[in-house]
Amino acid sequence: MTAVYGLTQQEQYLLKGETLAWHAGMAMRHWFPVSAERDAQTGNVSICWRHLGQQRFTDAFFVNTLQCQQPGERRVCRTPASALASIGDSLAPDAFIFHVSRCGSTLLTQLLASLPQCIVMSEPPIIDSLLRLHYDNGDAAASVSLLRQAILALGQRRAGEETQFVIKFDCWHIHSLDLLRQAFPGTPCLFLYREPLAVLTSHQRQRGPQMVPGMLHPAQLPLPAHQLAPGDLDGYTGLVLASLFDAALPHAAAGQLQLMHYRQLPDVLFSDLLPRLGIAPAAGQLQAMRARGGLHAKYGTAFHGDPPAPAADGLAAIAALLQPGYQALEALRLRMDQDDCPSP
């Protein structure tokens with residue numbers, strides 16, 4: 001994901017296809033924003049879009065849906081930022097999902113995406129693209145406006161039956177929560193987390209880009225000063241995970257985040273989240289969701305739990321250093337859950 005001319009390699013790949021010229025008044029319905037760039041000379045922001053037609057976003061991630069489109073069907077368009085406001089029939093987000101990664105957030109979004117009444121956007125790259133522009137430019141008011149318009153464009157209704165809209169952000173976006181809440185101050189925010197050792201072990205098997213030094217804009221992932229040995233990716237992963245725990249705690253303590261633990265899934269979706277979102281699935285939909293809850297969130301295969309952590313590779317020592325941040329979240333969640341319980 002090395003940045004080139006403002007776009008990551010992934011964004012450049014997603015924008016390969018037949019390029020259509022934009023014109024004023026062009027209908028952007030069924031087009032979805034993918035990335036944003038700022039002209040170095042004028043300072044103007046342009047938006048890059050992909051056309052999806054009637055294809056729903058039901059894959060594990062936004063980018064997977066774009067990748068599944070046949071190459072001959074891929075159409076791309078570049079517009080001024082003002083085109084974001086041209087999509088009229090859209091939903092405001094009903095929930096923002098933040099997380100520490102490898103903690104069940106994909107399972108949660110996959111279950112919600114199985115409902116035709118739900119629009120679910122899982123880590124859409126336009127959000128990260130706009131945040132990178134924000135940290136390079138620093139104009140908070142302009143950034144909030146662009147984020148709001150881009151999120152509304154992602155929430156466009158196409159089939160006519162959509163009533164709820166949920167976005168799951170990249171895990172490092174918890175550091176940008178204040179800015180995102182300014183775009184939609186009334187949207188409930190969730191934060192999913194898990195025991196540090198389980199997260200560390202998962203990233204050791206298959207490391208996410210945020211767990212490799214230099215892969216993200218440094219302002220998006222502020223880390224404390226450290227002296228890690230070159231190539232100590234496990235140690236770096238521990239630093240990143242600690243930063244996510246630490247960033248979430250004050251927001252949760254202020255009532256801005258509803259905490260949710262991995263081990264509560266998927267039951268908490270049915271007992272708590274669906275009612276909070278005002279979603280009442282039909283009996284058949286509930287049955288299908290419960291069946292889907294037993295499958296691997298990313299691959300759709302039978303899920304029998306994660307492999308155990310290696311016995312002697314140093315991860316346990318790193319996890320022990322993360323326990324205070326994790327335990328602070330756990331204590332707060334348990335206290336908040338107890339407060340929500342009705343008195344006998």
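## Digging into the sheet that holds strand β1 (residues 18–20)
- Overall, mixed pairing links the four strands, which are arranged β1-β4-β3-β2 in an open sheet. The sheet is open, and its two borders are formed by β1 and β2 (31–38), each paired with just one other strand. With strand direction ignored, the average angle separating the axes of adjacent strands in the sheet is 30°.
- Sitting on the sheet, helix α5 (residues 140–154) is in contact with β2 and β3 (45–51), with an inclination near 155° to β2.

## Considering the environment of H251
- Turning to its location among the elements, H251 is positioned in helix α8 (residues 233–253).
- For H251, a relative accessible area of 12% translates into the label buried.
- A C-alpha to C-alpha distance of 9.8 Å links H251 and C189, two positions 62 residues apart in sequence.
- Every residue in contact with H251, bar those within four places of it in the chain, is listed here: L177, D178, Q256 and L257.

## Side note on the nonpolar core
- Ranked by internal contacts, the top residues of the largest apolar core, which has 104 residues, are F98 and F191.
- Among the elements that line this core, the one with the most residues is α8, at eight residues.

## So, the packing of helix α9 (residues 267–277) against helix α10 (residues 283–292)
- The contact between α9 and α10 brings their axes to 12 Å, and the two run at 125°. Taken as axis vectors, α9 and α10 run oblique relative to one another. Seen from above, α9 lies across α10 with right-handed handedness. Each of L269, F270 and L274 in α9 lies in contact with α10, whose residues at this interface are L286, M289 and R290.
- Taken together, the residues of the contact of α9 with α10 break down into five nonpolar, no polar and one charged.

## Considerations on the packing of aromatic side chains
- Summed over the entire model, instances satisfying the criterion amount to nine aromatic pairs.
- When the ring of F96 is compared with that of F184, the centres are 6.3 Å apart and the planes differ by 85°; the resulting orientation is edge-to-face. Taken together, the positions of F96 in strand β5 (residues 95–99) and F184 in the loop between α6 (177–183) and β8 (189–193) put the pair 88 residues apart, joining distant regions of the chain.
- Judged by relative accessible area, which is 0%, F96 ranks as buried.
- Ring plane angle 65° and centroid distance 6.0 Å describe the contact between Y193 and Y326, whose orientation is recorded as edge-to-face. Of this pair, Y193 sits in strand β8 while Y326 sits in helix α11 (residues 315–340); the two residues are 133 residues apart in sequence, bridging distant segments of the chain.
- Residue classification places Y326 among the buried residues on the basis of a relative accessible area of 4%.
- Ring pairs connect the aromatic residues F96, F98, F169 and F184, which therefore count as one cluster.
- Taking NZ or CZ as reference, R194 lies 3.7 Å from the ring centre of Y262, over its face.

## Looking at the sheet that holds β5
- Strand order across the open sheet formed by five strands is β6-β7-β5-β8-β9, with parallel pairing between neighbours. The sheet is open, and its two borders are formed by β6 (118–122) and β9 (258–261), each paired with just one other strand. In this sheet, adjacent strand axes meet at a mean angle of 20° when their direction is disregarded.
- Bridge count for β5 against β8 is four bridges, and the pairing is parallel. Looking at the pairing, I97 lines up with L190 of β8.

## Thoughts on unusual backbone geometry
- A cis geometry characterises the amide bond from L265 onward to P266, with omega recorded as -5°.
- Position of P266 relative to the elements: it lies in the loop between β9 and α9.
- Positive phi, normally seen in glycine, also occurs at S101, with a value near 80°.
- Residue placement: S101 occurs in the loop between β5 and α3 (105–113).
- Judged by its relative accessible area of 6%, S101 is buried.
- One non-glycine residue with positive phi stands out, namely R102, at about 55°.
- Along the chain, R102 turns up in the loop between β5 and α3.

About the thresholds
- Residue numbers restart at each chain and count upward from 1, following the sequence in its written direction.
- Only residues with pLDDT of 70 or above have their local features reported here, since the model is predicted, and side-chain atom pairs are shown and tallied only from 80 upward, although totals for entire chains, interfaces and linings are computed over all residues.
- Only hydrogens and water are removed before side-chain values are computed, so all heavy atoms of the structure are retained for them.
- Here the rule is simple: two strands pair whenever DSSP picks up at least two bridges between them.
- Only DSSP runs of H or I with at least four residues qualify as helices, and only runs of E with at least two residues qualify as strands; both kinds are numbered from the N terminus onward.
- For helices, the fitted axis covers only the stretch in contact; all axes are lines through C-alpha atoms, and the angles between them, taken along N-to-C directions, range from 0 to 180 degrees.
- Contact between two residues is taken to exist if any of their heavy atoms lie within 4.5 Å; hydrogens are not considered.
- Exposure categories follow from relative accessible area, calculated using a 1.4 Å probe and restricted to protein chains: below 20% of the type maximum is buried, above 50% is exposed, and the middle band is partly exposed.
- Among buried residues, those of type Ala, Val, Leu, Ile, Met, Phe, Trp, Tyr and Cys that are joined through side-chain atoms within 4.5 Å constitute a nonpolar core.
- Roughly parallel means an angle under 35 degrees; roughly antiparallel, over 145; roughly perpendicular, 65 to 115; everything else is oblique.
- Handedness of a crossing is defined here by the sense of rotation of the near helix relative to the far one, left-handed for an anticlockwise turn of less than a right angle and right-handed for a clockwise turn.
- Classification used: nonpolar for Ala, Val, Leu, Ile, Met, Phe, Trp, Tyr, Cys and Pro, charged for Asp, Glu, Lys and Arg, polar for all others including Gly.
- Only centres within 6.5 Å qualify two rings of Phe, Tyr or Trp (six-membered ring in Trp) as a pair; their planes then separate them into stacked at under 30 degrees, edge-to-face at over 60, and tilted for everything else.
- A ring has a charge above it when a Lys NZ or an Arg CZ is no more than 6 Å from the ring centre and no more than 35 degrees off the ring normal.

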